[in-house]
Amino acid sequence: MAEKIKTSIVINRSLWERFKTKVVGEGGLKGLSEAVEEAIEEELCEDLIIEALEELLGSEKPPLTVTPVKPEVQTDAGKAVRELRDSRL
């Protein structure tokens, strides 16, 4: 379990009351801190995913080269679109 801290924030009173009413109704007063923590985690989700991936990869970096691929068969896009449109009729 991660270390917990106690903190103070300044927030719009009506917004906080609406949030608190909703959370307390769903999970009790103890769930209020968890709900705030979940909201913060959601906001930082991208950062948490990046950190987890970096932890999994370690010092390895995936290759960043992109090799273009030429299609084996040339396709007439106009003809393909026309066939798709005609098939709907």
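Residues numbered from 1 in each chain as written. Predicted model: local features only at pLDDT ≥ 70, side-chain atom pairs only at ≥ 80, totals over all residues. Heavy atoms only, no water.

1. Considering the pattern of salt bridges
Any two side chains of opposite charge can pair, so long as their charged atoms come close to each other. Summed over all chains, the structure comprises 2 salt bridges. One salt bridge in this structure joins Glu 37 and Lys 4, with 2.8 Å as the shortest N-O distance. With Glu 37 in helix α2 (residues 31–43) and Lys 4 in the segment before α1 (13–27), the pair connects residues that are 33 residues apart, well separated along the chain. For Lys 4, a relative accessible area of 49% corresponds to the partly exposed category. The salt bridge partner of Asp 86 is Arg 82, with a shortest N-O separation of 3.5 Å. Of this pair, Asp 86 and Arg 82 both sit in helix α4 (residues 77–87), 4 residues apart, roughly one helical turn. (Salt bridge = Lys/Arg side-chain N within 4 Å of Asp/Glu carboxyl O. Helix = DSSP H or I, 4+ residues; strand = E, 2+ residues; numbered from the N terminus. Buried < 20%, exposed > 50% of the residue type's maximum accessible area, 1.4 Å probe, protein only.)

2. Focus on a nonpolar patch on the surface
On the surface, Ile 9, Ile 11 and Leu 15 cluster together into a nonpolar patch covering about 280 Å² of accessible area. With respect to the helices and strands, the residue Ile 9 is situated in the segment before α1. The class for Ile 9 is exposed, based on a relative accessible area of 58%. (Patch = residues over 30% accessible without salt bridge, like charges linked within 9 Å, V, L, I, M, F, W, Y side chains within 5 Å. Areas by Shrake-Rupley, 256 points an atom, 1.4 Å probe, with all protein chains shown as cover.)

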